[in-house]
Each structure stands twice: as C-alpha cells, then as structure tokens.
Amino acid sequence: MTSFDTSPQLSVWRALLALAVVFVMLATTGWTAVRHKGVTSPVHAAITAWEHGHLNGRALPDPDGSPARLAQYFASLTSQQRTRLVTHYPLAVGNMNGAPVELRYRANRIALDQARRVARKSTHDNRLSAAGQHDAGQRMNRYASLMRPDRKILAFDPLGTGRVAEVFGDLDKAQRVSVVVPGVDTNLLTFQRTFRKYSAPVGMARSLYDAERAAGPGTRTAVIAWADYTTPAGLGVDAATAMRAEEGATRLNALVRALPGRAPVALYCHSYGSVVCGVAAHKLPSRVSDIAVAGSPGMRAGKASKLGTHARVWAMRDSDDWIQDVPYLEVGGIGHGADPVSRGFGARVLSAAGAHGHTGYFEPGTESLSNFADIGVGSYSTLRCARGHDTCRDGSSGATSA
C-alpha cells in the first residue's frame, strides 16, 4: 500500500486546484445552486394526518415526541389497535422513530404497495413522456422488490429520487448494530444493483452482515443499509458542500437514538457518507462505539479529536481510489477538510488491501471488509492496520461480544 502522506509541494498544488474548482463552480452554477425550494414530502403529509388523527376518541401522540415515549404508547395498544394505525397511517408509522421495528416493517410494506399502484398507473399515463413512463416502470419494479415478505424496510419516502432503509438480521435482539451510510447518487433506484452489487447500500450491508456472522458466530448482529437522506446528485456543488450532510446528520442521529435496546452501534461511512458522519459525530449518543470511514473526501474537521465524539474513529483508503486526488481542505464552505487517513488527522488507519477503486471496500475477500466485520463484532485485536500505522489497535478491547 502506498504512503498516505503527501509532500508540501503537492499540498500546495491541491490547494490551488481547490480554489480553481471553487471559482469554476461559482461561475458556472452560482451560489443559488446550493439553495433548494422546499417540497412537502408524502411522509410529512402522512405525519400531518397523524397529528389530526384519533384512536378510540383520543388524540394520537406527538410524532416528534421522544422515541421512548412513542414506544410506550405503542406498547400500551392492543394488536388490533396497532393494526388500525398501520392501515390508516402507513407512511407515518413506517418512518416513526419509536414505533416498534416490526410494526414499521408492516407499515412500509403497505406504503410500498400504495406507491407501486401509483407508479403502475403512471406507466400508462399519456401526459407523461416516454422517459417519464419508463421511470415510473422502474419505480414500480423497485417498490415490488422492496415489499417482498422477506425484506425489512425500516424507512421509506417516495419523494423525489426516494429514500429508504433496510435491516438485515434481528434488530430487536442484536448484541451489536452496524449502520452503512452511503455517498453520492444514492436513491431508490440505486439502493441495490445486480451489476457491481457491492457498490450499492443493499450489497454493502448484506456483505457486511455475512462477514460479521463469519467473524463472530456467537454474536447476534444486525446491519442497516441506511439511504434515508437526500444524497448529492453527482460531483457538483452539493457534493462539495456540507448542505446535504447537515440534513443527513440530523436524520442519522434520529435513527441511532431510536434504535431498540442498548447494543453498541458502529457506523460505516463511505465517500460523502463520511461527511454525514463527521457532521453528526458531536451529537451522536454514547452507544455509538465506532465510526469507520472509507474513501472519504473529509469529515468537516481538521483532526479526529475535533469531531466531538468518544467513539473510535477508523479510516481506510485503497491505493487506487480516485478520492485521494480530491483537495483535502475547506475554502468558503467548499471542500470537507483534512484527509482522514493522513497522520495529522489522528484516526486509526486500517488496511484496505484487496479493495479496488472507490467502491470496492465491501467486496468479499478484501481486508477492508474483514476489518469492517471485526469492528462490527467487537474483535479489535484481529484488525489489520495499514502499512506504517501499526498502532491502530492501541487502546482497543479485544472483546468479541457486546
């Protein structure tokens, strides 16, 4: 593996390149490119309906209440009452932090079926262009796939390009929980892929789940493929700023705080997902034990110690990942700060041997995936450090269970 340190001359050239990128972006797109008009999400509409709803003559609880209070409310209901709420407010319940996860799965299956019916009608809508009808057909097929009985959809919003999260394993009984946070161009249609499947959230999470079961057969784990934030589209201004990351960080924190039980949580943040995790870090609850970033453009911090978290911060990058050529600095809100695998940043740098390119970190057989799995089951003593970073395991427990 090549050294992660850069010469002063190269750093200067990267700084100059960053400034050039800033001015090109502003000249071609303008500052207004980072402003987006608010659009009411179907989920927000469903929550508004919930806020005006009643059950047996009593008002429903505040959907923005604490997850613990909402959990108590649902626990107080009969099975018939819970079914009634799921049937009447599927999008609200399906995305409600604090609702029992099994209930959310049921609710989102109903919501997906409703969205599938709408998309099916759109495939024959003559008011749409051929491209619009084709897009509706793709969505219809994706909805049908996501609503299969064997899938556990924890969150779903059909607005725009769509948001979704899926669980692998038993979230209620898990001793350790892993959350995969993806980067740019992640949406409903790219949530899973047949070709290059390990570059998409479903493939990443499923691969990690299988690797964790192999690494710690005695540890019950659950992995969440979390694409429940609006990611930047392409490598434009959105990807170069923290705007999308700030909204994503709020949603990520809400997810983690609402997870059932007290199991430790590890975050696996790929590419722009590491920006989300960096912005979220200072507000994450103490149950987040590890933040592992791969192919990171930066975490909006100059040092790991400035992230404001007690979680262990891990970083890796394979030798031919193009992200290493991104200028690691922040100028006028453009750029994401220091390189997480640089010595000066202070993360624990892990080996990514066997991984290739920017999206190969979750490929079976790679040291990157093996390291991720060891973090996921708490087997820190077996982690493989990057060359020249042999102290990456210092101070970490070798325990293999929660």
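It should be emphasised that the depicted structure is a prediction, and the values quoted were computed from it without experimental measurement.

What counts, and where the lines are drawn
- Along each chain, residues carry numbers from 1 onward, in the same order as the chain's sequence is written.
- In view of the model being predicted, local features appear only for residues whose pLDDT reaches at least 70, and side-chain atom pairs are presented and counted only at 80 or more, with totals across whole chains, interfaces and linings using the full set of residues.
- The side-chain figures draw on all heavy atoms in the structure; neither hydrogens nor water molecules are used.
- Salt-bridge detection follows one rule: a side-chain nitrogen of Lys or Arg within 4 Å of a carboxyl oxygen of Asp or Glu.
- A run of H or I in DSSP becomes a helix once it reaches four residues, and a run of E becomes a strand once it reaches two; helices and strands are each numbered from the N terminus.
- Partly exposed residues are those whose accessible area sits between 20% and 50% of the maximum for their type, while under 20% is buried and over 50% is exposed, using a 1.4 Å probe and protein chains only.
- Classification of ring pairs rests on two measures: the distance between centres of Phe, Tyr or Trp rings, Trp counted by its six-membered ring, which must be within 6.5 Å, and the angle between planes, read as stacked under 30 degrees, edge-to-face over 60 and tilted in between.
- Sitting over a ring, as applied to charges here, requires NZ of Lys or CZ of Arg to be within 6 Å of the ring centre and within 35 degrees of the ring normal.
- Two strands make a pair as long as DSSP finds a minimum of two bridges between them.
- Contact definition: two residues touch when any of their heavy atoms are within 4.5 Å.
- As a rule, the C-alpha atoms of each element are fitted with a line to give its axis, helices using only the stretch in contact, and angles between N-to-C directions run from 0 to 180 degrees.

Another aspect to go through is the pattern of salt bridges. Inspection of the entire model under this criterion finds 14 salt bridges. With a closest N to O distance of 3.1 Å, Asp-150 and Arg-148 form a salt bridge. Where Arg-163 meets Asp-228, a salt bridge forms, and the shortest distance between an N and an O atom there is 3.6 Å. Residue Arg-163 is located in strand S4 (residues 163-169), and its partner Asp-228 is located in the loop between strand S6 (221-227) and helix H9 (237-240); the two are separated by 65 residues in the primary sequence. Each member of the salt-bridge network shares a partner with another, and the members are Asp-157, Arg-163, Asp-228, Glu-247 and Arg-251.

In terms of residue burial, helix H12 (residues 367-377) counts as a mostly covered element, since 9 of its 11 residues are buried. Along H12, the residues classified as buried are Ser-368, Leu-369, Asn-371, Phe-372, Ala-373, Asp-374, Ile-375, Gly-376 and Val-377. Of the residues flanking the end of H12, it is Gly-378, one or two places downstream, whose phi is positive at about 80°.

It is worth spelling out unusual backbone geometry at this point. The phi angle at Ser-271 is positive, at roughly 55°, despite the residue not being glycine. Mapped onto the fold, Ser-271 is located in the loop between strand S7 (265-270) and helix H11 (272-280). Residue Ser-271 is classed as buried on the basis of its relative accessible area of 8%. Although it is not a glycine, Arg-300 sits at a positive phi angle of roughly 60°. Residue classification places Arg-300 among the partly exposed positions, given a relative accessible area of 30%.

What follows deals with the packing of aromatic side chains. Each aromatic ring pair is summarised here by two numbers: the centre-to-centre distance and the angle between the ring planes. Here the structure, examined in full by the defined rule, presents 8 aromatic pairs. With centroids separated by 5.6 Å and ring planes inclined at 75°, the aromatic side chains of Tyr-73 and Phe-74 adopt a geometry described as edge-to-face. Residue classification places Tyr-73 among the buried positions, given a relative accessible area of 19%. Take Phe-74: its relative accessible area is 1%, and that puts it in the buried class. What links up through ring pairs into an aromatic cluster is the set Trp-50, Tyr-73, Phe-74 and Tyr-89. Positioned above the aromatic ring of Trp-314 is the side chain of Arg-348, whose terminal nitrogen or guanidinium carbon lies 5.3 Å from the ring centre.

Before going further, it helps to spend a moment on the sheet that holds strand S5 (residues 176-181). Overall, mixed pairing links the 8 strands, which are arranged S3-S4-S6-S5-S7-S8-S9-S10 in an open sheet. Looking at which strands have only one partner, the edges of the open sheet turn out to be strand S3 (152-157) and strand S10 (348-349). Strand contacts of helix H8 (residues 201-215): S4, S5, S6 and S7, with the helix running at about 170° to S6, the strand carrying the most contacts. In the packing of helix H10 (residues 243-258) onto the sheet, contacts are made with S3, S4, S5, S6, S7 and strand S8 (288-294), and the angle to S6 comes to roughly 155°.

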